[in-house]
Amino acid sequence: MIAILPIVIIVLILLFSIFLNYRVKILSGQKAQWLLFGYFIILVVSFGIYLFIPKGAPPSSEEQYKGPDLYLNAMEGNVSNIDSKYVERTWEFPMEEPELNVELDYIISDGPPVFVEEADIDSLEVILYKTPTIINGGIDITDRIPNASVQLTGSNKLQLYNPNPIEIEYSGYVPEFTLTQFKQGVSNSLRITGTFISFGDQILYIRVPQHIEVNTDSLEGIQFVGKENED
Amino acid sequence: MMSLVNVNLGNVVKKQYLFKLRSYVGVFTSLVVLQLIALLFSLGGTGGGGGGSGNFHVMINYYSGDVVIIFTILWVFINGILITTKAYREDDFSFVTNRLTNNLSNILFLLTASLVGGVTAIASGILLKVIRYFFFNAEPIITTFSISTIEIIYGVLATILYVFLFGSLGYLVGSLVQLYKKLAIILPVAFFGILFALASRDIMLVEGVGEFYFKETSFLLFTVKVITTSGILLIVSLTISNRQEVRL
């Protein structure tokens, strides 16, 4: 309370200086009436416009999105359990060399986890799984989140990239305190934290032909499915 | 000289009230200026939050018209004081008047100011959202709560009541100052002095009094509290005003 007192005092001084001057006729009666009329018109028009502005639904615990646990499924080798709608992108590279060098271009904790599985296939496959990120159970921002990518350089160097982080900004509107005062179950602190975000995940799942030996310097970051991690 | 015309109290109050509405137009233009200043302050947001993972960060900036309401409350408080000042009182004597008609027309004026202030404060909150959407961030609005029609009606009425409560408080302060001019200095000093003194002992006076109104979740009880308090404040103001010397 004490902390906001200086602000209150400054505001009071500001207000006093405005109000003590208002008897000085800055605007004549006619002009003042036009100012008032114009202001009311702007308020009425803005109310009309506001009705047509798209609004995200308010939070509802029932609507909270629950996607599959990509990490758990991948670690247990159960990617087949993940619905194909969560496959964001697939890359396929023919393999001619007996070994594959995997290089991470990012710190693993800052980007998608990487899994490697040996499979009975002829070419190298990389699958990017991505689950939705949804604000308040209604605003889907999944497509705005940049995807991890891969590139095969040379004949056997697979580079994994995580794009630079992006900032997504939204405007959240908190009803005025007089509008929420009589609403059941709304405390003052809840007024500004009544938004939730269901964060989606990304994982990179690499399927390599069985005869290919996988080498990597990022041992801590790469999980070998169905094997103990090599030291 | 005595007048033989039978003057009706209601008519005098009505005439004075209508006169005040016309001549105190500055009160309302200052409201517009203030609410626009409050809107400017509010455009910066009242807080924010968010989160993210490695490759994205979602930031939600929250906006609210709370500041507009607070400014409107300060506006009516100061105007409550100002309409008791000599400059305003002089206007009243253009009419056949006495303390009672003067006070009644002032109260009616305060009620009107509260009505206009309360409604425009809530409407300014909507204007804030429209400005944010079109000039700053044309994304779908994230609403933190759904507000039903009845809650909107309660909200507008509550805003009007808050504004009237502080208008009545300002009117009392103004009446006290008119009775004893030195109170203009003593009252704010005493108020802040007591506030600081109690706060240093962890007694939050404003918080305690504020909770009585701001944390009342029953609209009916809130209305009773505000009307009763305003009534008491205005009756005390009327009593004080009647103690002032008669103007000849």
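Remember, it's a predicted structure, so these values are computed and weren't measured experimentally.

Quick word on the UniProt feature "transmembrane region" (unreviewed entry) in chain B
Residue and element names in this part refer to chain B.
Phase 1: In the numbering adopted here, UniProt assigns the feature "transmembrane region" (unreviewed entry) to residues 21–42, 62–83, 104–132, 152–172, 179–199 and 219–240.
Phase 2: Spanning residues 21–42, this segment combines 95% helix with 0% strand, and its end C-alpha atoms are found 29 Å apart.
Phase 3: Here residues 104–132 is 100% helix and 0% strand, with 42 Å between the C-alpha atoms at its ends.

Section: the UniProt feature "transmembrane region" (unreviewed entry) in chain A
Phase 1: Sequence positions flagged by UniProt for "transmembrane region" (unreviewed entry) are, in local numbering, residues 6–22 and 34–53 of chain A.
Phase 2: With 85% helix and 0% strand, residues 34–53 of chain A has its two end C-alpha atoms placed 28 Å apart.

Some points on the layout of surface pockets
Phase 1: Of the volumes computed, that of the second largest pocket is approximately 570 Å³.
Phase 2: Phe47, Tyr50 and Leu179 of chain A together with Ile126 and Ile152 of chain B are, among the 24 residues lining the second largest pocket, the residues nearest its centre.
Phase 3: For the lining of the second largest pocket, the element with the highest residue contribution is helix α5 (residues 99–135) of chain B, accounting for six residues.

Considering the sheet that holds strand β8 (residues 149–153) of chain A
All names here are of chain A.
Phase 1: Read from one edge of the open sheet, four strands run β8-β9-β3-β13, paired in mixed fashion. Because the sheet does not close on itself, it has two edges, and the strands there are β8 and β13 (213–216). Averaged over all pairs of adjacent strands, the angle between their axes in this sheet comes to 25 degrees, without regard to strand direction.
Phase 2: Bridge count for strand β3 (residues 99–104) against strand β9 (residues 157–161) is four bridges, and the pairing is parallel. When the bridges of β9 are listed, Val102 appears paired with Leu158.

What counts as what
Residues numbered from 1 in each chain as written. Chains lettered and ligands numbered in written order. Predicted model: local features only at pLDDT ≥ 70, side-chain atom pairs only at ≥ 80, totals over all residues. Heavy atoms only, no water. UniProt positions renumbered as here; feature names shortened; annotations may be inferred. Helix = DSSP H or I, 4+ residues; strand = E, 2+ residues; numbered from the N terminus. 1 Å grid on protein atoms, 1.4 Å probe; cavity = no way out; pocket = protein on both sides within 12 Å on 5 of 7 lines; lining within 4 Å. Points joined across faces, edges and corners; volume = space filled by probe spheres on them. Pairing = 2+ DSSP bridges. Axes fitted to C-alpha atoms, helices over the stretch in contact; angles between N-to-C directions.

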